[in-house]
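# Analysis of the macromolecular model
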Amino acid sequence: MTLDHRLPEELEELRRTVEAFAHHVVAPKIGEYYEQHAFPYEIVQEMGRMGLFGLPFPEEYGGMGGDYLALGIALEELARVDSSVAITLEAGVSLGAMPLYRFGTEEQKREWLPKLCSGEMLGAFGLTEPDGGSDAGATRTTAVRDGDEWVINGSKCFITNSGTDITGLVTVTAVTGRKADGSPEISSIIVPSGTPGFTVAAPYSKVGWNASDTRELSFADVRVPAGNLLGEEGRGYAQFLRILDEGRIAIAALATGLAQGCVDESVTYAKERHAFGKPIGANQAIQFKLADMEMRAHTARLAWRDAASRLVHGEPFKKEAALAKLYSSEIAVDNAREATQIHGGYGFMNEYPVARMWRDAKILEIGEGTSEVQRMLIARELGF
Ligand SMILES: Cc1cc2nc3c(=O)[nH]c(=O)nc-3n(C[C@H](O)[C@H](O)[C@H](O)COP(=O)(O)OP(=O)(O)OC[C@H]3O[C@@H](n4cnc5c(N)ncnc54)[C@H](O)[C@@H]3O)c2cc1C
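Since the structure is predicted, the reported quantities are computational estimates derived from the model, not experimental observations.

### Regarding the site of the ligand
Surrounding the ligand, one finds 20 residues, the nearest of these being T128, G133, S134, F158 and T370. The separation between a nitrogen atom of the ligand and a polar main-chain atom of F158 is 2.7 Å. Here an oxygen atom of the ligand and a side-chain polar atom of E372 are 2.7 Å apart. Taking 990 Å² as the accessible area of the ligand by itself, protein coverage stands at 64%. Contributions of two or more residues to the shell around the ligand are made by β3 (149-160) and α10 (371-381). No other element matches β3, which puts 3 residues into the shell around the ligand. In the shell around the ligand, the residues fall into 9 nonpolar, 8 polar and 3 charged.

### Description of unusual backbone geometry
A positive phi angle, close to 55°, is found at F276, a residue other than glycine. Along the chain, the position of F276 falls in the loop between β9 (274-275) and β10 (278-279). Taking relative accessible area as the criterion, F276 reaches 85% and is therefore assigned exposed. Phi angles above zero are rare outside glycine, and E368 is one such case at about 50°. Here E368 falls in the buried class, since its relative accessible area comes to 13%.

### Quick look at the packing of helix α8 (residues 318-342) against helix α9 (residues 353-361)
At a closest axis distance of 9 Å, the pairing of α8 and α9 adopts a crossing angle of 150°. Viewed along their axes, α8 and α9 adopt a mutual orientation that is roughly antiparallel. Helix-helix and strand crossings are classified by hand; for α8 and α9 the assignment is left-handed. Contact residues: A332, V333, A336, R337, A339 and T340 in α8; V354, M357, W358 and A361 in α9.

### Some thoughts on the nonpolar core
Counting 89 residues, the largest nonpolar core has M47, L52, L78, L89, I249 and W304 as its most contacted members. Residue contributions to this core peak at 15 residues, all from helix α6 (residues 236-272). Not counting the four nearest positions on each side in its chain, L52 is found in contact with L14, V18, M47, A74, L78, L89 and V93. Core analysis: the second largest hydrophobic core is formed by 17 residues, A143, A174, F198 and V224 among them.

### Details of the UniProt feature "domain: Acyl-CoA dehydrogenase/oxidase C-terminal" (unreviewed entry) in the protein
Under the feature "domain: Acyl-CoA dehydrogenase/oxidase C-terminal" (unreviewed entry), the UniProt entry names residues 234-382. Helix makes up 74% of residues 234-382 and strand 3%, with an end-to-end C-alpha separation of 28 Å.

### Things to note about the pattern of salt bridges
A full pass over the atoms with the stated rule returns 29 salt bridges. The salt bridge involving E365 is made with K362; its shortest N-O contact spans 2.5 Å. Residue classification places K362 among the partly exposed positions, given a relative accessible area of 44%. A single network of salt bridges, built from pairs that share partners, joins E9, E12, R15, R16, E19, E77, R80 and D264.

Cut-offs used in this document
- Residues numbered from 1 in each chain as written.
- Predicted model: local features only at pLDDT ≥ 70, side-chain atom pairs only at ≥ 80, totals over all residues.
- Heavy atoms only, no water.
- Near = heavy atom within 4 Å.
- Polar contact = N/O pair within 3.5 Å; in protein donor to acceptor, adjacent residues only side chain to side chain.
- Areas by Shrake-Rupley, 256 points an atom, 1.4 Å probe, with all protein chains shown as cover.
- Helix = DSSP H or I, 4+ residues; strand = E, 2+ residues; numbered from the N terminus.
- Nonpolar A, V, L, I, M, F, W, Y, C, P; charged D, E, K, R; others polar.
- Buried < 20%, exposed > 50% of the residue type's maximum accessible area, 1.4 Å probe, protein only.
- Axes fitted to C-alpha atoms, helices over the stretch in contact; angles between N-to-C directions.
- Parallel < 35°, antiparallel > 145°, perpendicular 65-115°, else oblique.
- Left-handed = near helix turned anticlockwise from the far one by under 90°.
- Contact = heavy atoms within 4.5 Å.
- Core = buried A, V, L, I, M, F, W, Y, C linked by side-chain atoms within 4.5 Å.
- UniProt positions renumbered as here; feature names shortened; annotations may be inferred.
- Salt bridge = Lys/Arg side-chain N within 4 Å of Asp/Glu carboxyl O.

In structure tokens:
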């Protein structure tokens, strides 16, 4: 039997559709949103109409009936052009809607998923706290049961999609009790936007992802119905580990797209820009940089598709997801640095897409588990 890494026709068609959308709709407009640090509602609305927010969900909940491979294909094509738009989709699907789909009751799924799948509403996932993100078990936010309600107190930081005009909910992790050994019991609870006591700060001023929404959240005696508990009480830790494992595949696809976008832009520029009487791309020093960039993007693509394929086929994928996330995020930074170098001074000018890619690459080594955390996970899978 041969290994066939080519995409089946329906995924290739999706890839072409998103590629065309990214080039014709995102590329001409995104620079201005980015410069103004504005959320691109118009583009996100169009992505919703295309069904991108519903890609990996069943049709009965308003989804497209696809899977994580389909989501990865869409993320890669978007990030080839722009990462703010891609992370809005990634966080909306992997962090906003997926916890509800994986762990929600039938009633919760029917209430929230159709709106999240259509893109008319965005969901967010609040795990990270000001005192620490990597050590997620050290959550300090608390939720105490009072009659038929949970009363939530605490804060979350760096939460994507949490404060847009179309944000409808944030799923937060909170300590809901203590286990027999004294360690915290963590649960996930759905908090609808606008619940009294739930405050969303102004957007952060960030180095990159400037057209994506990231905010700090605070909870002061926030009361939500007991029925807003996501899945079983005390299962929050296991839930977010699963969500992050899957999310890493999506981030790896996004990072691959950024790495490939750097190749696309640099090949074009190297053919056009002249120095010493010839295109800079006629120099082997530049060609070798481009060859290495292409090699890295290609290898990253194989890595995320392998992890996604394992997930889709119900096989263990934890190590492969960490490998893909670690490799693709580090090579995205490498490719962005080289792309800027190939563009010379213009690469430092915001009007050039590679400048945006350079700003957007670094966070990929940090979000959804830092590179150190990925190495810890891989080492653990190796038996350490
Ligand atoms: C733009 C943006 C969007 C984000 N979106 C979300 C979101 O939607 N939801 C959400 O919950 N979070 C989100 N995050 C948070 C992100 O996941 C965390 O920033 C990340 O997990 C790292 O946590 P931290 O920032 O607290 O760093 P820390 O955990 O404080 O780590 C600091 C440094 O120490 C290293 N380190 C920590 N422990 C160890 C160890 N044991 N061994 C070796 N090194 C170690 C880390 O690798 C890192 O280099 C976002 C962050 C950003 C910047």
